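# Structural features, examined
Each chain, letter by letter, is given below.
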Amino acid sequence: MSTQETDPVTAAVTDDRATTETSPDDTASEPVIDLESVTFGYTATPVVEDVSLAIDPGEYVAVVGPNGSGKSTLMQLMLGLLEPDAGTARLFGERADRFDDGERVGYVAQQASAAQEMPITVREVVKMGRFPHVGFGRLSSEDWDIVDDALVTVGMSAFADRRVTQLSGGQRQRAFIARALASEADLLVLDEPTVGVDAESVDAFYDLLAALNAEGISVLLIEHDLGAVVEHADRVVCLNREVYFDGPTDEFVESDALARAFGTEARFLTGKNG
Amino acid sequence: MSAGVAATLVAGGLAAADPSVALPLQSGLGAVGDLVFGVLLWFLEQWYWLMDWAYYVTGLEMLNPRYRFMHRAILVGLCIGVMAPLIGTFLVHRQLALIGDALAHTGFAGVAVGLFLNAVIDLGVSPYLTAVVVAMIAALFIELISEVTDAYNDVSMAIVLSTGFALGTTLISLNAGGLAVGVNQFLFGNLSTVSPQSAAILLVLFAVIVGTVAVTRNQLLYVTFDETAAAVSGISVNWYNRVMVMLTAMVVVGAMQIMGVILVAAMLVVPVAGATQVSRSFSESLVVSVALAELAVLLGIAVAYYGGVTAGGAIVLVAVGIYVCAVALGKVQSVRGERDPPDMGSIDADGADVGTGAEGDR
């Protein structure tokens, strides 16, 4: 997982960071995501209450919590898709809901969000990752190279000209991951990205995330699978309306935050806590 | 009718045209409008010349130079065949097929407003212009409702649809009986009533629509396919949705002239549905839907001319026939396509470009 000079994706990522971060020191001191006592509710009852946390560049953070704990809502607040009722949400130092520098954020959703019946090929989906870079213009041959590299990275080259609707759930999810890779973002946000992906590919997928993280890309993972989180993330935020735990993964395993947030039934699938 | 007319027409376009048509615009829109209108009339002259030439080559009776209205109807039909599926593609894949219908009915209210104002205060504007304005306001209204309630829903569209139609019928019944006779033309469309003025309006709408889609195609595609990811990538989803519904309003009103209020939504939906069956990629589906729509428009106009039936109905029936063929073709394609599933490569953690098993696909 070390830097490889010959690696096109890695090289491109490094290039991009070199150009976008003209003053690395400033950026390093500034959190990628910064929430200050954020409260939000769709109705009068808050779904997320008084959440404060900051994610620094290069961190690998996982947000866990039971169903309905506000994980996805918190992610939407971080990305500026929702505006907090109280408190402030900042993305790269800007107010998240006004943030428009889309090329810095790559996003992989739970697969339900995209149009289901549209005729569109895998390559056309991955191409969208370049849209924040090209704006109203056309994709250059460099952009297309990045798209093809992203397809190779997720092992979907042979499916590039296939219609997305003909793919299995796991294959489709790989296409969305490739789209996030093609965006060459500084921050990857993934909302339960491995739902429907077969077990073998899940491991490879987490290795890929770790490799990207090693290149300096910040990773924010919203995840239901506690085993995967414990195994891969550096830092865990355990959420159930409020933050129950925020700290290194090792401490999370030792703590009783899980039991408090999930109820007593929760177990790590890896069996690390017995 | 030769190209030599061109130079004089830009300056004297209005004089060359039927004065009863040109006068209202002359007084209404001022010098810039006159100039644009003159250019468009010049363009129309060139189109007549092309059609005349086509008549002498093919000998088709419906292209006879005596029937200028047919030449205009074909031009309008060809424009509709491009812009309706172009916009329709973005609508259908967002489950917004109904919005065309809703806007057509508010467009009808706009026509009624125009006829009403012309009758009451002698405004002298084309009902199609008021229709464009009213339909665009209604489009923005639908979009704002959906932004506030976080969802496009059948109910609000049904309400807008019936409100538009109710307003239209009420305004028309307010007028003297003479107006009610002219309403059929707007309800069902009519080839023979495509005036040079309404053809000119359509050409303007066509330019605006095709130009806007050409510039914002990336953003529209992203918003259509995955609204959340588009928002994350910095695209202002609400703005593009507003642009989209406004363009829809323009298409609908433009196509109303020959399709009629009741059938106009079919042009947004049916060719796109057909193209979806046989296309693999999005760009392919755009091209195929335009091709299918053009085929339906030209065949439909021919059927209407030679069979003496309503153009709107004929075009839609032809389009549905083409759709059925496309469904059959799509079934054949998918049966044949399943024989060669490619091997999937593995996710490569190192992001390296070799040894992924990514078998040479190109």
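Throughout, a residue's number is its position along its own chain's written sequence, starting from 1. The naming scheme follows written order: chains are lettered A onward, ligands numbered 1 onward. Per-residue local features of the predicted model are confined to residues with pLDDT of at least 70, and side-chain atom pairs are confined, for both listing and counting, to 80 or more; whole-chain, interface and lining totals are unaffected and use all residues. In computing side-chain values, all of the structure's heavy atoms are included and hydrogens and water are not.

Bringing the overall build of chain A into the picture now. Regarding its fold elements, chain A presents 11 helices and 10 strands. Burial classification: accessible surface area is computed with a 1.4 Å probe over protein chains only, and a residue below 20% of its type maximum counts as buried, one above 50% as exposed, and the rest as partly exposed. Taken over 274 residues, chain A has a buried fraction of 57%. Residue contacts follow a heavy-atom distance rule, with two residues in contact if any of their heavy atoms lie within 4.5 Å. In chain A, the share of contacts with a sequence separation of at least 24, taken over all contacts with a separation of at least 6, comes to 68%. Within the structure as shown, chain A displays about 11,100 Å² of accessible surface, and the carbon and sulfur contribution to it stands at 45%. For the purposes of this entry, the term helix denotes a DSSP run of H or I that reaches at least four residues, the term strand denotes a run of E that reaches at least two, and both are numbered from the N terminus. Residue exposure ignores everything except the shown protein chains as possible cover, and the areas themselves are Shrake-Rupley values with a 1.4 Å probe.

Now for the packing of aromatic side chains. Aromatic pairing here means that ring centres of Phe, Tyr or Trp (its six-membered ring) are within 6.5 Å. Orientation follows from the plane angle: under 30 degrees is stacked, over 60 is edge-to-face, and everything else is tilted. Enumeration over the complete set of coordinates arrives at 13 aromatic pairs over all chains. Seen in terms of ring centroids, A:Phe245 and A:Phe252 are 5.2 Å apart; in terms of plane orientation they differ by 45 degrees. Their pairing is tilted. In this structure, A:Phe245 and A:Phe252 share a single accessibility class: buried. The rings of B:Tyr67, B:Phe69, B:Tyr305 and B:Tyr306 are connected pair by pair, giving a single aromatic cluster.

The pairing of strands in a sheet happens through backbone hydrogen bonds and is either parallel or antiparallel. Residue and element names in this part refer to chain A. Reading across the sheet, the six strands line up as β6-β7-β8-β3-β9-β10 and stay open at both edges, with mixed pairing between neighbours. The strands lining the two open edges of the sheet, one partner per strand, are β6 (105-108) and β10 (242-248). Direction aside, neighbouring strands of the sheet carry axes that sit 15 degrees apart on average. Across the sheet, helix α3 (residues 71-79) is in contact with β3 (60-64), β6, β7 (187-191), β8 (218-222) and β9 (235-240); its angle to β7 comes to roughly 155 degrees. In this analysis, axes come from line fits to C-alpha atoms, helices being fitted only over the stretch in contact, and the angle between any two N-to-C directions falls in the range 0 to 180 degrees. Packing against the sheet, helix α7 (residues 169-182) makes contact with β6 and β7, and its axis sits at approximately 175 degrees to β6. The pairing criterion for strands is at least two bridges between them, as found by DSSP.

Now for the packing of helix α3 (residues 68-92) of chain B against helix α10 (residues 237-259) of chain B. All names here are of chain B. The interhelical angle for the contact between α3 and α10, taken along N-to-C directions, is 150 degrees, at an axis separation of 9 Å. Classified by the interaxial angle, the pair formed by α3 and α10 is roughly antiparallel. As α3 runs across α10, the sense of the crossing is left-handed. Contacts between α3 and α10 involve Ala73, Val76, Gly77, Ile80, Met83, Ala84, Ile87, Phe90 and Leu91 from the first element and Met244, Leu247, Thr248, Val251, Gly254, Ala255 and Ile258 from the second. Its residues assigned to classes, the contact of α3 with α10 shows 13 nonpolar, three polar and no charged. Oblique is the label for any angle not covered by the other classes, which are roughly parallel (under 35 degrees), roughly antiparallel (over 145) and roughly perpendicular (65 to 115). A clockwise turn of the near helix away from the far one marks a right-handed crossing, whereas an anticlockwise turn of less than a right angle marks a left-handed crossing. Polarity classes work like this: nonpolar for Ala, Val, Leu, Ile, Met, Phe, Trp, Tyr, Cys and Pro, charged for Asp, Glu, Lys and Arg, and polar for all others, with Gly in that last group.

Before going further, it helps to spend a moment on the confidence of the model for chain A. All names here are of chain A. Values of pLDDT, which run from 0 to 100, indicate the predictor's confidence residue by residue. Summarising the model, chain A shows a mean pLDDT of 80, and 84% of its residues fall at 70 or more. The least confident element of chain A is helix α1 (residues 8-20), whose mean pLDDT is 42; the most confident is helix α4 (residues 122-127), at 92. Note on residues 1-27: pLDDT under 50 across the span, and 38 contacts to partners over four residues away in sequence or across chains. Ignoring residues within four places in sequence, the model shows residues 269-274, a span with pLDDT below 50, making eight contacts including any to other chains.

Right, let's talk about a negative patch on the surface for a bit. Taken together, the side chains of A:Asp198, A:Glu200, A:Asp203, A:Asp225 and A:Glu231 define an acidic patch exposed on the protein surface. In this fold, A:Glu231 is placed in helix α9 (residues 226-232). A residue counts toward a patch only above 30% relative accessible area and without a salt bridge, and it is joined to like-charged neighbours within 9 Å or, for Val, Leu, Ile, Met, Phe, Trp and Tyr, to nonpolar neighbours within 5 Å. We count a salt bridge whenever a side-chain nitrogen from Lys or Arg sits within 4 Å of a carboxyl oxygen from Asp or Glu. Here the positive residues are Lys and Arg and the negative ones are Asp and Glu; neither His nor the chain ends is included. For this purpose, a charge sits on NZ of Lys, CZ of Arg, CG of Asp or CD of Glu.

A few words now on the pattern of salt bridges. All names here are of chain A. Within this structure, the stated rule accounts for 15 salt bridges over all chains. Between glutamate 59 and arginine 235 there is a salt bridge whose closest N-O contact spans 2.8 Å. Of the two residues, glutamate 59 sits in the loop between β2 (48-55) and β3 while arginine 235 sits in strand β9, which places them 176 residues apart along the sequence. On the basis of relative accessibility, which here comes to 12%, the residue arginine 235 falls in the buried class. For arginine 95, the salt bridge goes to aspartate 97, with nearest N and O atoms at 2.9 Å. Here the salt bridges share partners, and the residues they tie into one network are Glu59, Arg235 and Asp246.

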